[in-house]
Amino acid sequence: MLKSRTFMPIAAVAICLGVMMAASPMAAHDGSAKKFTETVTTKAGEKISFDMVLIPAGNFRIGSPANEAGRKDDEGPQHEVCVDNFYLCTTETTIELFMAYYQETVSAKRDFISTQESEKQTEKIDAITGPTPVYGDMTMGYENQHPAMGMTWHNAMTFCRWLSKNTGKNYRLPTEAEWEYACRAGTTNAFGVESDPEKIKELAWFEKTADSETSVVGKKKPNAWGLYDMLGNVREWVCDFYSPDAYKQAVAKTPVINTKGPESGQVHVARGGDYSCPAEELRCASRAFEEKWWRSGDPQIPKSKWWLPEMDIIGFRVACSVEKSK
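I will try to describe carefully the structure that is included in this document. In this text, all values refer to a predicted model and were calculated from it rather than measured experimentally.

## Describing the sheet that holds strand E3 (residues 58-62)
Thought 1: Reading across from one edge, E3-E4-E8 is the order of the three strands in this open sheet, with mixed pairing throughout. With one partner strand each, in any of the chains shown, E3 and strand E8 (256-257) form the two edges of the open sheet.
Thought 2: By the bridge criterion, five bridges tie E3 to strand E4 (residues 79-83) in an arrangement that is antiparallel. Counted as the bridge partner of Ile-62 is His-79 from E4.

Here you go:
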């Protein structure tokens, strides 16, 4: 399809060209470490560590081509996106780490008490207003090294605030573009390092490899950039609002630099598929979002802004911004 001619500001062209030149795996020209290990001390004095790997700046075509098997309309049209360096956790956030956050920040208040009132009660203890008590067992019977699950997008974002406060770094959820870029790891294949759905069994926990439940993180092979379980196990929250027309709106601005998706929306995007998914839902470009049935296990009225009870298919992994040189 022919596109109308557009002109980019010189500064934008320069930024994008600079990003494209830095697209080789693990390349960092600003002196950033290729990886680091973060350690968090829990309220009980225990130490929990996890690994962060540098995702090199680069450009790629987000979305899927029209002929990709399993493709949905909200995955296109493909368009060029430029991404800066950032760090991404090698695994999904574990129950062990999420439990440390929960135990430190949990509020005795229920959701019908205003956030402002809750903050007044907790500000002397912690600047983070944490989740209300979970209904049932937050672990859902899983062990510490399984992915944390059943939290809302709001809860995952609050976890990132807590982690940032405790480490002094800027932890956050990855953008949808960052997530797909990291999942592809320099490839254009439907499944990243693989294009054949029959060959992803070594990479992913999904309907053909999982025993109807999540698995311990980091047990399958990583992708080319050292990231485990990008496909399957649990779906992963990203920071973007979901819109079925997001790519149609973005394509007019191509190339898009460090896109954060729509400015507003009702629900948020989740990526990567889960243990119950068919292979087509594990494709790098596949997009999911919170649906009403995700809250069906919550007996509260109104529904909790913190929890998706019994939803062991949704979790997240953290990103960390690279500090700019002064």
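Structure's up, so let's keep going.
## Notes on the packing of aromatic side chains
Thought 1: Taken as a whole and judged by the stated rule, the model has 16 aromatic pairs.
Thought 2: Aromatic pair Phe-159 and Phe-316: ring centres 5.2 Å apart, planes at 70°, arrangement edge-to-face. Of this pair, Phe-159 sits in helix H4 (residues 153-167) while Phe-316 sits in the loop between strand E11 (314-315) and strand E12 (319-321), placing them 157 residues apart in sequence.
Thought 3: We classify Phe-159 as buried; its relative accessible area is 0%.
Thought 4: Between Tyr-242 and Phe-289, the ring centres sit 4.2 Å apart and the planes meet at 20°, which makes this aromatic pair stacked. Note that Tyr-242 is positioned in the loop between strand E7 (235-241) and helix H6 (246-250) and Phe-289 in strand E10 (residues 287-289), a separation of 47 residues in sequence.
Thought 5: Every member of this aromatic cluster is reached through a ring pair, and the members are Phe-98, Tyr-101, Tyr-102, Phe-159, Trp-162, Trp-307 and Phe-316.
Thought 6: Against the face of Tyr-247 rests Arg-287, its NZ or CZ located 4.6 Å from the ring centre.

## Comments concerning H4
Thought 1: Here H4 is 15 residues long and its end C-alpha atoms lie 21 Å apart, about the 21 Å a rise of 1.5 Å per residue gives.
Thought 2: Within H4, burial applies to Trp-153, Asn-155, Ala-156, Thr-158, Phe-159, Cys-160, Trp-162, Leu-163 and Ser-164.
Thought 3: One or two steps after H4, the chain reaches Gly-168, where phi turns positive at roughly 80°.

## Re the side chain of Ser-243
Thought 1: Its place among the elements puts Ser-243 in the loop between E7 and H6.
Thought 2: Other than its neighbours up to four places away in sequence, Ser-243 contacts Pro-262 and Arg-287.

The rules we used
- Along each chain, residue indices are assigned from 1 in the same order as the chain's sequence is written.
- Per-residue local features are limited, in this predicted model, to residues with pLDDT of at least 70; the limit for side-chain atom pairs, both in listing and counting, is 80 or more; totals at the level of whole chains, interfaces and linings are taken over all residues.
- The basis for every side-chain value is the complete set of heavy atoms in the structure, and neither hydrogens nor water enter the calculation.
- For two strands to pair, DSSP has to find at least two bridges joining them.
- Each helix corresponds to a stretch of at least 4 residues labelled H or I by DSSP, and each strand to a stretch of at least 2 residues labelled E; elements are numbered beginning at the N terminus.
- Whether two aromatic rings pair depends on their centres lying within 6.5 Å, for rings of Phe, Tyr and Trp, where Trp uses its six-membered ring; planes under 30 degrees apart make the pair stacked, over 60 edge-to-face, and the rest tilted.
- Here the term buried applies to any residue with accessible area under 20% of the maximum for its type, exposed to any over 50%, and partly exposed to those in between, with areas from a 1.4 Å probe on protein chains only.
- Comment: the charge-over-ring label is applied if NZ (Lys) or CZ (Arg) is within 6 Å of the ring centre and within 35 degrees of the ring normal.
- Each helix should span, by expectation, one fewer than its residue count multiplied by 1.5 Å.
- By definition in these notes, contact holds between two residues if any of their heavy atoms fall within 4.5 Å.

In short, the description is geometric, and any link to function would need to be established separately.
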